[in-house]
Amino acid sequence: MLVLKFGGTSVGSVTNMTNVKNIINDGNKKIVVLSAMSGTTNALVEISETIKAKNITEAKQLIAALNDKYQDVIEELLQDQTLANEATAYILEVINTLLTCAEKPHNELLYNTIVSQGELLSTFLFTQFLKQQGINAQLISALDFMRVDKAHEPDNFYIKQNLNRIINNLPEADIYITQGFICLDAEGAVANLQRGGSDYTATIIGAAINAEEVQIWTDIDGFHNNDPRFVQDTHAISNLSFDEAAELAYFGAKILHPQTVMPVRDLDIPVRLKNTMAPAAYGTLITNKIHGEGIKAIAAKDNITAIKIKSGRMLLAHGFLKKVFEIFEKYETSIDMITTSEIAVSLTIDDTTNLSHIVEELEKFSSVEVDEYRTIVCAVGNNIVYHPDTPKLFQILQDVNIRMIAYGGSNNNISLLINTSDKVETLRKLNRYIFETELAE
Ligand code: ASP
């Protein structure tokens, strides 16, 4: 069975929902995972923040605006009166849930309850739409099988057991529709897989049912070789290995949630990225196979904080890095890049929630410098560390200030830390040095 996930834009309008219907209605049994309609999760986050700020009147206005939007969607999407009435009743339920939340004290569970409504709405409406077209679709609630454990990792055993049981109990359905992003936590309360997490839902499901393939449908035709928002004439990359895709997703290529490939890589279940607006385009196929060598893509990740830790005690001493890492471990902050010299170590983080505590503890045995608003630009490709074309990348040293370079950490990634203000120029110049000279040769 295939698992297909459609992002917010793909279900963001009636025209796009019709495209999705045409893509999935091919007579093959499948699971379809949906995001919230585009703009909805952001609107829900805003409602949550407004409630947190105790602006209840404003929160109610935002909830009313959401209601109006969804009433319009029903009107355009559902002509069948019974299906439309059921949808209206469902939206009323969601709106009432939000209004009840507006009266309660704000906490994490309240936030999670509010943001979960987007996927609940999109999947309900889309299932009604499929039923209207005479398609044998069944809505299955992610909250009946998707659960994370105490460490916020997918509880794979629970998910596999429950999802397979649910599907086996509904053998007659052709298409199972379910929500991306939302799940239960270890205590059974509503939670989620973090923003953009619907991709992750799709591969967790893919692993649970041992799918033939997981397809992620968005509004772009796969991973591009550079950021199309800043660089002209980028192109989609046809084949990537799981390692290459994981690096690109983590280091900024917004098309895929960074954890997406993890559940399926060991099971060797391919992940295919496709464009809902251009279904005939090949997209990007991510598998265990390695295709070609050298730099395939460049991506950039903003909001990086660099920390330089300097200590005379590091000289010829062992155990210094252990001490440093233990502090990051204590504050559950992951480190992305790291370079060291004999008396200093520089590293980067992207989660600054506990930065002040980390700095305070580091300062007990070293001097610390913090640089915010940096960007990591990374080049990704199989074996780039050894490839004869890779030195072209370093022509960039003559153009911009590079604060750190991570080379050789893996064979697939070379990362450069720059000032965010230099990002666009860096991406364009690297494009010229790496890809355009290739064309000219
Ligand atoms: N709707 C959620 C978000 O906007 C999850 C997703 O679309 O993947 O972050």
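Figured I'd write up the structure that's included with this text.

The rules behind these values
- Residues numbered from 1 in each chain as written.
- Predicted model: local features only at pLDDT ≥ 70, side-chain atom pairs only at ≥ 80, totals over all residues.
- Heavy atoms only, no water.
- Helix = DSSP H or I, 4+ residues; strand = E, 2+ residues; numbered from the N terminus.
- Polar contact = N/O pair within 3.5 Å; in protein donor to acceptor, adjacent residues only side chain to side chain.
- Contact = heavy atoms within 4.5 Å.
- Phe/Tyr/Trp six-rings, centres within 6.5 Å; stacked < 30°, edge-to-face > 60°.
- Buried < 20%, exposed > 50% of the residue type's maximum accessible area, 1.4 Å probe, protein only.
- Lys NZ or Arg CZ within 6 Å of the ring centre and 35° of its normal.
- Near = heavy atom within 4 Å.
- Nonpolar A, V, L, I, M, F, W, Y, C, P; charged D, E, K, R; others polar.
- Salt bridge = Lys/Arg side-chain N within 4 Å of Asp/Glu carboxyl O.
- Patch = residues over 30% accessible without salt bridge, like charges linked within 9 Å, V, L, I, M, F, W, Y side chains within 5 Å.
- Areas by Shrake-Rupley, 256 points an atom, 1.4 Å probe, with all protein chains shown as cover.
- Lys, Arg positive; Asp, Glu negative; His and termini not counted.
- Charge placed at Lys NZ, Arg CZ, Asp CG, Glu CD.
- Pairing = 2+ DSSP bridges.
- Core = buried A, V, L, I, M, F, W, Y, C linked by side-chain atoms within 4.5 Å.
- Axes fitted to C-alpha atoms, helices over the stretch in contact; angles between N-to-C directions.
- Parallel < 35°, antiparallel > 145°, perpendicular 65-115°, else oblique.
- Left-handed = near helix turned anticlockwise from the far one by under 90°.

## Re the side chain of Lys-5
Within the fold, Lys-5 resides in strand 1 (residues 2-6). Side chain to side chain, Lys-5 and Asp-199 meet in a polar contact 2.7 Å long. With residues near it in sequence (within four places) discarded, Lys-5 still touches Val-33, Ser-35, Ser-198, Asp-199, Ala-202, Gln-215, Ile-216 and Trp-217.

## Notes on the packing of aromatic side chains
On inspection of all chains with the given rule, the structure shows six aromatic pairs. Here the aromatic rings of Tyr-90 and Phe-124 are separated by 4.2 Å at their centres, their planes lie at 0 degrees, and the arrangement is stacked. Of the two residues, Tyr-90 is situated in helix 4 (residues 81-102) and Phe-124 in helix 5 (residues 108-132); the sequence distance between them amounts to 34 residues. With a relative accessible area of 16%, Tyr-90 lands in the buried category. Judged by its relative accessible area of 16%, Phe-124 is buried. When the ring of Phe-126 is compared with that of Phe-129, the centres are 6.2 Å apart and the planes differ by 45 degrees; the resulting orientation is tilted. Pair noted here: Phe-126 and Phe-129 are both in helix 5, with a separation of three residues, about one helical turn. Judged by relative accessible area, which is 5%, Phe-129 ranks as buried. The positively charged end of Arg-147 is found above the aromatic ring belonging to Tyr-158, 3.9 Å away from the centroid.

## Digging into the site of the ligand
Near the ligand, the surroundings consist of Ser-35, Ala-36, Thr-41, Glu-119, Phe-181, Arg-195, Gly-196, Gly-197 and Ser-198. Here Glu-119 contributes a side-chain N or O atom positioned 2.7 Å from a nitrogen atom of the ligand. Interatomic distance of 3.4 Å between a backbone N/O atom of Gly-197 and an oxygen atom of the ligand. Of the residues assigned to the shell around the ligand, the class counts are two nonpolar, five polar and two charged.

## Some points on the environment of Lys-423
One can find Lys-423 in helix 12 (residues 423-440). Sequence spacing of Lys-423 and Arg-374 is 49 residues, and the spatial spacing of their C-alpha atoms is 9.1 Å. In this view, Lys-423 contacts Phe-230, Ala-300, Asp-302, Thr-375 and Ile-418; residues no more than four positions away in its chain are not counted.

## Regarding the pattern of salt bridges
One pass over the full model with this rule turns up 17 salt bridges. Here Lys-30 makes a salt bridge to Asp-26, at a shortest N to O gap of 2.6 Å. For Asp-26, a relative accessible area of 44% corresponds to the partly exposed category. The salt bridge involving Lys-429 is made with Glu-425; its shortest N-O contact spans 3.0 Å. Residue Lys-429 and its partner Glu-425 are located together in helix 12, separated by four residues, close to a single helical turn. One network of salt bridges, in which partners are shared, links Asp-371, Arg-374 and Arg-403.

## A closer look at a negative patch on the surface
Where like charges cluster on the molecular surface, the negative patch consists of Asp-68, Asp-72, Glu-75 and Glu-76. Judged by its relative accessible area of 52%, Glu-76 is exposed.

## A look at the pairing of strand 2 (residues 30-34)
Of all the five residues making up strand 2, five are buried; the element is thus mostly covered by neighbouring parts of the structure. Side chains Lys-30, Val-32 and Leu-34 of strand 2 all project onto a buried face; the interleaved residues Ile-31 and Val-33 project onto the opposite face, where all are buried too. In this structure, strand 1 lies alongside strand 2, joined through five bridges in parallel fashion. Residue pairing for strand 2: Phe-6 is matched across the bridge by Leu-34.

## Here's the deal with the nonpolar core
Membership of the largest hydrophobic core comes to 103 residues, with the highest contact counts inside it found for Phe-223 and Ile-286. Examining the composition of this core, we find that ten residues originate from one element, helix 5, more than from any other. In this view, Ile-286 contacts Phe-223, Leu-240, Ser-241, Phe-242, Ala-245, Leu-256, Val-261, Pro-270, Val-271 and Leu-273; residues no more than four positions away in its chain are not counted.

## What to know about the packing of helix 1 (residues 14-24) against helix 5
At a minimum axis separation of 11 Å, helix 1 and helix 5 run at an interaxial angle of 60 degrees. By the angle between their directions, the pair helix 1 and helix 5 is classed as oblique. Both helix 1 and helix 5 take part in a crossing whose hand is right-handed. Touching Met-17, Thr-18, Val-20, Lys-21 and Ile-24 of helix 1 are Phe-126, Phe-129 and Leu-130, all from helix 5. Residue composition of the contact of helix 1 with helix 5, by class: six nonpolar, one polar and one charged.

Geometry only, nothing functional implied.
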